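# Residue-level structure breakdown
The lines below spell out each chain.
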Amino acid sequence: MKKLLISADTIMPISSELLKDSALVIVDGKIKDIGSASRLRNHYKNIEELELGEGILLPGFINAHTHLELGWIKNKIGGFKGFTQWLQQIISAKKEAVSNQDIEDSVSEGIKSQIASGVTTVGEISSYGGLDIPILKKSGLRTVLFREAVDSKETTMDFDSFEKSDLYEERLFPHAPYSCSPGLLEKVLKSHKKNKRPLGIHLAESREEINFVNRKANSIENEIFPLIAKESFKRKKADTPFGYLKSLGFFDKNKVTTIHMVQVKADEVKEIQNLDVGIVLCPRSNLFLQVGLPPLKEYAKLKRVGLGTDGLSSNYNLDFFEELRVLHLLWSDALGKEASYESVHAATLGGASALFLEDKIGSLEIGKEADLIFLNSKNKFQNPYLSVVSSTNENLELLMVKGNILYSKNPKLASI
Ligand code: MCF
Ligand code: FE
């Protein structure tokens, strides 16, 4: 049995108040105990101790939505005006030959940037037949692998086998309401009911998506469909993208992680809460793609709200600290001093909840997995949550997934 006591001057469990001069005990990759350092030292004798000293020990960040496999696309994107032009460029780039090596290198580079910015779990969208899977499995990161479904893949896609192990699990990810016809969505729902795997989907991202579900003239149907020789499909008419999926029974006792949720009306938020829908905010991607911003003030009240960088297809970089900082700035106006806690919550327990993994990860509590990071005190504010949101790669000293050290500034720790 592998046992370790880790002490730090500040522990930030997220699910409860800050702890001073405390420690936690890890046994076989799980948190066995947490509390006063002297009590734990007394109780657990002859156990190896890692004394981290001044700084903050907190749960590892959860990048709940990314496309690591699309790193290579970054230099294929030119100037664009609005979402549809961007989508055209992405589709054209994906049509061109890209080597498996380029995709694999993107995933490897992406993993490095995740670990360097404090991420212990990634929600990866996978659209290249699983080229990213072996690299992610080898990385030691915890991974939720969303297999992307679009109409053109309907006949070849496997809706029924889902791999799951300690650090890795697969789910289905119908890409979006405009790329998945109701027939495909129905197959996905059937699989969900049978296999009990939560789902993910890009939802309510652009104004064009609203026109699409309104069945009004829209550039997705007029400009994107011809580009991929796609026939338009019959669909229900709805006011909003969320209303559209709801009318298809998408949220009937299902676990669904929705990505973006920008084009959502304030009065839909209560219903989203009642239906227990997960939301992943990708603020920098939204700004990059010029789609506006979600109703952030309303979302602050919800439990299942996480944070994602999206891919290099719609962001400058995959640095999670930067994403967190932007969320904090955007929330500051509406939430004032609560913004720092809410942002760190979204980066950790909120992300775990948005992915329906809150029983396992996202906070430092007895019984949860030992996925954690330590930030040094070189960036100290009086409010420790503000220290976290304003930290950078430079402040990260240690990163651990299931008790295994994936990154450490101190070479001595590599032997633990
Ligand atoms: O989240 C962003 C914006 N919304 C939609 N799609 C993507 C995003 N980043 C990458 N994508 C990919 C998507 O996974 O773009 C392709 C898909 O493979 C569009 S073609 C259906
Ligand atoms: Fe995305």
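For clarity, every value in this text was computed on a predicted model and none was experimentally measured.

Once that is clear, we can look at the side chain of Ser7. With respect to the helices and strands, the residue Ser7 is situated in strand E1 (residues 3-11). A polar side-chain atom of Ser7 sits 2.9 Å from a polar atom in the side chain of Glu49. Contact partners of Ser7, with chain neighbours within four places excluded, come to Ser22, Ala23, Arg41, Glu49, Leu50, Glu51, Leu52 and Gly53.

This part covers the packing of helix H12 (residues 320-335) against helix H13 (residues 338-354). The interhelical angle for the contact between H12 and H13, taken along N-to-C directions, is 140 degrees, at an axis separation of 8 Å. Judged on the interaxial angle alone, H13 and H12 are oblique. Judged by the twist between their axes, the crossing of H12 over H13 is right-handed. Here Phe320, Leu324, Leu327, His328, Trp331, Ser332 and Leu335 of H12 lie close against H13, whose contacting residues are Glu338, Ala339, Ser340, Glu342, Ser343, Val344, Ala346 and Ala347.

Around ligand 1, 16 residues are found, and the nearest of them are Lys94, Glu148, His202, Glu205 and Asp310. Between ligand 1 and His260, the relevant distance is 2.9 Å, taken from an oxygen atom to a side-chain nitrogen or oxygen of the residue. Asp310 places a polar side-chain atom, nitrogen or oxygen, 2.7 Å from an oxygen atom of ligand 1. Taken by itself ligand 1 offers 470 Å² of open surface, and the protein chains cover 93% of this. Element by element, the count of residues in the shell around ligand 1 is highest for helix H2 (residues 82-95), at five residues. For the shell around ligand 1, the class distribution of residues is six nonpolar, six polar and four charged.

One finds Leu58, Phe61, Phe250, Met261, Tyr299, Trp331 and Val388 to be the most contacted residues of the largest nonpolar core, which totals 98 residues. When residues of this core are assigned to domains, at least three fall in each of domain 1 (3-59 + 364-415) and domain 2 (61-354). What Val388 contacts, discounting residues up to four positions off in sequence, is Met12, Ile56, Leu58, Phe61, Phe321, Leu324, Val344 and Leu375. If you look at the next biggest cluster of nonpolar residues, it comprises 18 residues, including Ala8, Ile26, Leu52 and Ala370.

In terms of domain boundaries, the protein chain breaks down into domain 1 (3-59 + 364-415) and domain 2 (61-354). Of note, the centres of domain 1 and domain 2, computed from C-alpha atoms alone, are 31 Å apart. If you look at the interface, domain 1 gives 27 residues, while domain 2 gives 26 residues. Carbon and sulfur atoms make up 68% of the area that domain 1 and domain 2 hide from each other, which totals about 2100 Å². Contact with domain 2 buries area across many residues of domain 1, yet Ile14, Val389 and Asn393 alone supply 28% of it, more than any other trio. For the pair domain 1 and domain 2, the number of links is three salt bridges. One salt bridge in this structure joins Arg142 and Asp371, with 2.6 Å as the shortest N-O distance. Counting across the domain 1 and domain 2 interface gives six residue pairs in polar contact (both at pLDDT 80 or more). Contributions of two or more residues to the side of domain 1 that touches domain 2 are made by strand E5 (55-59), strand E14 (372-376), helix H14 (384-389), strand E15 (396-401) and strand E16 (404-408). Tallied by class, the residues present in the side of domain 1 that touches domain 2 amount to 17 nonpolar, six polar and four charged.

Each value, and the rule that gives it
- Sequence order sets the numbering: in each chain, residues are counted from 1 along the sequence as written.
- The order in which chains are written sets their letters, starting at A; the order in which ligands are written sets their numbers, starting at 1.
- Only residues with pLDDT of at least 70 are given local features in this predicted model, and only at 80 or more are side-chain atom pairs given and counted; all residues enter the totals for whole chains, interfaces and linings.
- Side-chain calculation: all heavy atoms of the structure are included, whereas hydrogens and water are not.
- To qualify as a helix, a DSSP run of H or I must reach at least 4 residues; to qualify as a strand, a run of E must reach at least 2; elements of each kind are numbered from the N terminus.
- Each polar contact in these results corresponds to two N or O atoms within 3.5 Å; when the atoms are within protein, one needs to be able to donate a hydrogen and the other to accept it, and residues that are neighboring in sequence are counted only if both atoms are side-chain atoms.
- We call two residues in contact when some of their heavy atoms are within 4.5 Å.
- In this analysis an axis means a line fitted to C-alpha atoms, helices contributing only their contacting stretch, and an angle means the value between N-to-C directions, from 0 to 180 degrees.
- Here roughly perpendicular refers to angles of 65 to 115 degrees, roughly parallel to angles under 35, roughly antiparallel to angles over 145, and oblique to all remaining angles.
- Working rule for handedness: look at the near helix, and if it is turned counterclockwise from the far one by less than a right angle, call the crossing left-handed; if clockwise, right-handed.
- What makes a residue near a molecule or strand is one non-hydrogen atom of that residue sitting within 4 Å of it.
- To be clear on the numbers: accessible area is Shrake-Rupley with a 1.4 Å probe, and residue cover counts the displayed protein chains and nothing else.
- Side-chain classes follow a simple rule in which Ala, Val, Leu, Ile, Met, Phe, Trp, Tyr, Cys and Pro form the nonpolar group, Asp, Glu, Lys and Arg form the charged group, and the remainder, Gly included, forms the polar group.
- Only buried residues count toward a nonpolar core, which is a set of Ala, Val, Leu, Ile, Met, Phe, Trp, Tyr and Cys residues joined through side-chain atoms within 4.5 Å.
- Classification of residues uses two cut-offs on accessible area relative to the type maximum, computed with a 1.4 Å probe and protein chains only: under 20% is buried, over 50% is exposed, and between them is partly exposed.
- Each domain's extent is set by a domain assignment, obtained either automatically or from a database.
- Two parts lose some accessible area (1.4 Å probe) when they are put together, and adding that loss for both gives the buried area.
- Just to be clear on terms, a salt bridge is a Lys or Arg side-chain nitrogen sitting within 4 Å of an Asp or Glu carboxyl oxygen.

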